[in-house]
Amino acid sequence: MSNELLKSDVTAEALIAKAQRDGVETMWDRKAAQKTQCGFGEAGVCCRICAMGPCRVSPVPGKGAERGICGANAGTIVARNFVRMIAGGASAHSDHARDIVHAMHLASAEGPFKIRDEAKMRRIAAEWGIEAADTKETYALAHELAEMALEEFGKPFGTQRFLTRAPQQRQDIWKRERMEPRAIDQEITTIMHSTHIGCASDIDSLLNRGMRASLGDGWGGSMIGTEFSDILYGTPKACASESNLGVIDAEMVNIVLHGHDPNLAEVVVVASKNPELLELAKSLGAKGINVVGMCCTGNEVTMRHGIKIAGNFYQQELAIITGAIEAVIVDVQCIFPALPALAKKYHTHFVSTSQKAKIAGDMYIEFSESDALNCAYGIVKTAVENFANRDASKVEIPNFKEPTIAGYSVETIIDHLDKVVNSQLEDKLGTVKPLSDVIYAGVIRGAAGVVGCNNPKTEHDLGHVTVIKELIKRDVIVVVTGCAAQAAAKVGLLTLEAKELCGRGLKEVCERVNIPPVLHMGSCVDCSRILDLVSRVAVEKGVDICDLPVVGSAPEWMSEKAVSIASYVVASGINTYLGIIPQVLGSVEFTELLNEGVRANVGAVYVFEKDPLVAVEKMMVDIEEKRTALGI
Ligand code: SF4
Ligand code: MSK
């Protein structure tokens, strides 16, 4: 494995130089063209919620206008902007989840949508109180469960069903704080309503409602997205893959799957193995069809099929600049609008497939779940035929890739733990007890979830890699999702050999359990797997989540989804360290509420720290304080 800190930089450097030679623009050019970003926007004090505005108030008290035309002050404006980001993020995760459940509603024994983890489906059906969940005919149960899940988005009464997975203490806090999320769509609608001109201006109330909507994401939409994807496509198991742009193969038809929703990606993977299409590829001089992943669609298919990871968010343009991509197939979220124009500078087809992410300048082939296989066949055929148009003189693929192990669902982690169960200690199979025991014994000091995007405000991947390396060195086990997972993968941290970078305790655990010290738990919606895992540890030990030596970290986040994730992680009781400062500093009151005040409500806070090394020091103090309080 690589000990170089950032091989990805070398990858980027080579391709940025190529972009300049090819006369194409990248995100770095556009970042430079932005010059200094707007100070009011950066501070969160610009409001354009109504047409009396835009209003911008002074981020510095006592200097300039202190109120918008309606009288909203900096606190109100900043808080409204922040919780609207939560609503945007929660809507993206949850709408993605709804599409998964609709696909499950179409599932049949003939496929292509089939029940692939029947045991999980029956477990969740029983958890949700469906009668005869263990005996009902498979597809009758699948359709009944799918309808129940669809109701979670819009049911008129009641709260999210998965909340009961949390420790009772946490559920009590949510009840006390009136934070139990009702229907997912209702929580998002309520935020949009509350932040309309002339509604809420109280920052505590705004944040409370924002957190409730975020919990509707984490314990609602995202958890449904994760669990129902597992039922439909299989619960991930540890599997080998490779990561970085070097997985693009100059001799193959290369297809990049980019976005978030596995419905399309799953059938594209099937179509890429179609003998007719393979034959067509060979007839055009290619050795085969190479499907590679990017961002979270990539994570979904890596976790379930070992599909190689081409890269994370910042590499979406770089992949096209290799000149060796026949098609970029996108579904939803995190797709640069710049891609179609870039693709046209090469021979690459940029294929968008969802009305939700119709991108100007694209080749649009709408994906329909009801005709999934034909649709995927058509898209892959278009990609294969495009191989004939490749210009060999434009091909330059950086020779960097690292072995990667992905696929650590909660079930897979428990399977690994079961292999080291100590019957003398009365360990039971199928629990997280061995993990909680090594944390309580101090062999591992704690656990961290490192998640989120890339952001050109900071050197790409540097925050992720630094935080992860420094934590495992200090015997903190790390779980990763999203683009953070791919950052770790690209420098070889998702391997068994990475144990050599760990402290003694974590190294020993990795050896005994046969796992990497950094566990790839999936895509952005799969942050819900982290909630599930942490909850199980808390329930096992009879404590609340906020008592555990556990931290959340998003060193390079950029999206509204990340704001929603950070908020539900904090609302679940986990201190969350943000390496990019949210646009809130224009209000001292709201900043203090996030950094300290909210602790009184949910037992956790948002910590802002740009320097990854300092962030890790703070996380370790946090973890050790939790240990002391627990008396362990
Ligand atoms: Fe200005 Fe108030 Fe309208 Fe915002 S809601 S744009 S602060 S008048
Ligand atoms: S893809 S939300 S850039 S993690 Fe989930 Fe990556 Fe962030 Fe998109």
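Reading the values: rules and limits
- Residues numbered from 1 in each chain as written.
- Chains lettered and ligands numbered in written order.
- Predicted model: local features only at pLDDT ≥ 70, side-chain atom pairs only at ≥ 80, totals over all residues.
- Heavy atoms only, no water.
- UniProt positions renumbered as here; feature names shortened; annotations may be inferred.
- Disulfide = S-S within 2.5 Å.
- Buried < 20%, exposed > 50% of the residue type's maximum accessible area, 1.4 Å probe, protein only.
- pLDDT = per-residue confidence, 0-100.
- Contact = heavy atoms within 4.5 Å.
- Helix = DSSP H or I, 4+ residues; strand = E, 2+ residues; numbered from the N terminus.
- Near = heavy atom within 4 Å.
- Nonpolar A, V, L, I, M, F, W, Y, C, P; charged D, E, K, R; others polar.
- Pairing = 2+ DSSP bridges.
- Axes fitted to C-alpha atoms, helices over the stretch in contact; angles between N-to-C directions.
- Domains from an automatic or database assignment.
- Parallel < 35°, antiparallel > 145°, perpendicular 65-115°, else oblique.
- Buried area = accessible area lost by both parts, 1.4 Å probe.
- Salt bridge = Lys/Arg side-chain N within 4 Å of Asp/Glu carboxyl O.
- Polar contact = N/O pair within 3.5 Å; in protein donor to acceptor, adjacent residues only side chain to side chain.

- Going by the annotation in an unreviewed UniProt entry, the name recorded for the protein is Carbon monoxide dehydrogenase, with Acetobacterium bakii given as the source organism.
- The Catalytic activity (unreviewed entry) comment attached to the protein in UniProt states, word for word, "CO + 2 oxidized [2Fe-2S]-[ferredoxin] + H2O = 2 reduced [2Fe-2S]-[ferredoxin] + CO2 + 2 H(+)".
- What UniProt states about the protein under its Cofactor (unreviewed entry) heading is, verbatim, "[4Fe-4S] cluster".

**Regarding the state of the cysteines**
Item 1. According to the stated counting rule, one finds zero disulfides in the structure shown.
Item 2. Here C527 is not disulfide-linked; the sulfur of C524 is the nearest cysteine sulfur, at 6.3 Å.
Item 3. With relative accessibility at 3%, the residue C527 sits in the buried group.

**Some details on the confidence of the model for the protein**
Close inspection of predicted coordinates is inappropriate in any region flagged by low pLDDT.
Item 1. Averaged over the protein, the pLDDT score is 96; the fraction of residues at 70 or greater is 98%.
Item 2. Note on residues 1-5: pLDDT under 50 across the span, and 18 contacts to partners over four residues away in sequence or across chains.

**So, the UniProt feature "binding site: [4Fe-4S] cluster 2" (unreviewed entry) in the protein**
Item 1. Residues annotated by UniProt as "binding site: [4Fe-4S] cluster 2" (unreviewed entry) correspond here to C47, C50, C55 and C70. With the annotated positions falling across 24 residues, the maximum pairwise C-alpha distance of 10.8 Å places them together in a single cluster.
Item 2. As for its position among the elements, C50 is in the loop between β1 (46-47) and β2 (55-56).
Item 3. Relative to the elements of secondary structure, C70 occurs in the loop between β2 and α4 (74-105).
Item 4. Using a relative accessible area of 42% as the deciding quantity, one classes C70 as partly exposed.
Item 5. Those residues within four positions of C70 in sequence are excluded, and the remaining contacts are M52 and I197.

**A closer look at the site of ligand 1**
Item 1. Residues in contact with ligand 1, as listed here, are C47, I49, C50, M52, G53, C55, G68, I69, C70, R80 and I197.
Item 2. Its residues assigned to classes, the shell around ligand 1 shows eight nonpolar, two polar and one charged.

**A closer look at the sheet that holds strand β16 (residues 606-608)**
Item 1. As summarised here, the arrangement of the six strands in space is β13-β12-β11-β14-β15-β16, forming an open sheet in which the pairing is parallel. Edge positions in the sheet fall to β13 (518-522) and β16, since each has one partner strand and no second. Neighbouring strand axes in the sheet, compared pairwise and without regard to direction, differ in orientation by 25° on average.
Item 2. Summarising the sheet, strand β11 (residues 446-450) and strand β12 (residues 476-481) pair through five bridges and their orientation is parallel. Across the sheet, residue A448 finds its bridge partner in β12, namely V478.

**Focus on the site of ligand 2**
Item 1. Near ligand 2 there are 13 residues, and of these H260, C334, C453, C483 and C524 occur at the shortest range.
Item 2. Of all the secondary-structure elements, those providing two or more residues to the shell around ligand 2 are α12 (295-305) and α19 (482-490).
Item 3. Taken together, the residues that form the shell around ligand 2 break down as eight nonpolar, four polar and one charged.
Item 4. Residue contributions to the shell around ligand 2 reach at least three from each of two domains, namely domain 2 (245-394) and domain 3 (409-630).

**Concerning the packing of helix α9 (residues 203-233) against helix α21 (residues 527-541)**
Axes are the key here: two packed helices are described by the angle between their axes and the distance separating the axes.
Item 1. Relative to each other, α9 and α21 sit at 100°, their axes nearing to 8 Å. With respect to α21, the axis of α9 lies roughly perpendicular. Note on element contacts: α21 touches α9 through S528, R529, L531, D532 and S535, opposite G218, W219, S222, M223, T226, E227 and D230.
Item 2. The residue inventory of the contact of α9 with α21, partitioned by class, reads three nonpolar, five polar and four charged.

**Here's the deal with the UniProt feature "binding site: [Ni-4Fe-4S] cluster" (unreviewed entry) in the protein**
Item 1. The UniProt record marks H260, C296, C334, C453, C483 and C524 with the feature "binding site: [Ni-4Fe-4S] cluster" (unreviewed entry), using the residue numbering of this structure. Judged by maximum C-alpha separation, these annotated positions cover 265 residues in sequence but sit close together in space, the widest gap being only 13.0 Å.
Item 2. With respect to the element layout, C483 can be found in helix α19.
Item 3. For C483, a relative accessible area of 6% gives the class buried.
Item 4. Counting through the fold element by element, C524 comes out in the loop between β13 and α21.
Item 5. Residue C524 is classed as buried on the basis of its relative accessible area of 14%.
Item 6. Non-local contacts of C524, meaning those with residues more than four positions away in its chain, are made with H93, H260, C296, G482, I565 and Y568.

**Here's the deal with the domain arrangement of the protein**
Item 1. In terms of domains, the protein is made up of domain 1 (69-233), domain 2 (245-394) and domain 3 (409-630).
Item 2. Centre-to-centre, using C-alpha coordinates, domain 1 lies 30 Å away from domain 2.
Item 3. Contacts between the two partners involve 15 residues from domain 1, matched on the other side by 15 residues from domain 2.
Item 4. Of the roughly 1200 Å² buried between domain 1 and domain 2, counting both surfaces, carbon and sulfur atoms make up 57%.
Item 5. The three residues of domain 1 that bury the most area against domain 2 are H96, F113 and Y233, which together make up 45% of that side's buried surface.
Item 6. Here domain 1 and domain 2 share three salt bridges between them.
Item 7. Between K356 and D99 there is a salt bridge, and its shortest N-O distance comes to 2.6 Å.
Item 8. Where domain 1 touches domain 2, the interface holds six residue pairs in polar contact (both at pLDDT 80 or more).
Item 9. Of all the secondary-structure elements, those providing two or more residues to the side of domain 1 that touches domain 2 are α4 and α9.
Item 10. Tallying contributions element by element places α4 first for the side of domain 1 that touches domain 2, with seven residues.
Item 11. Considering only residue class, the side of domain 1 that touches domain 2 consists of eight nonpolar, four polar and three charged.

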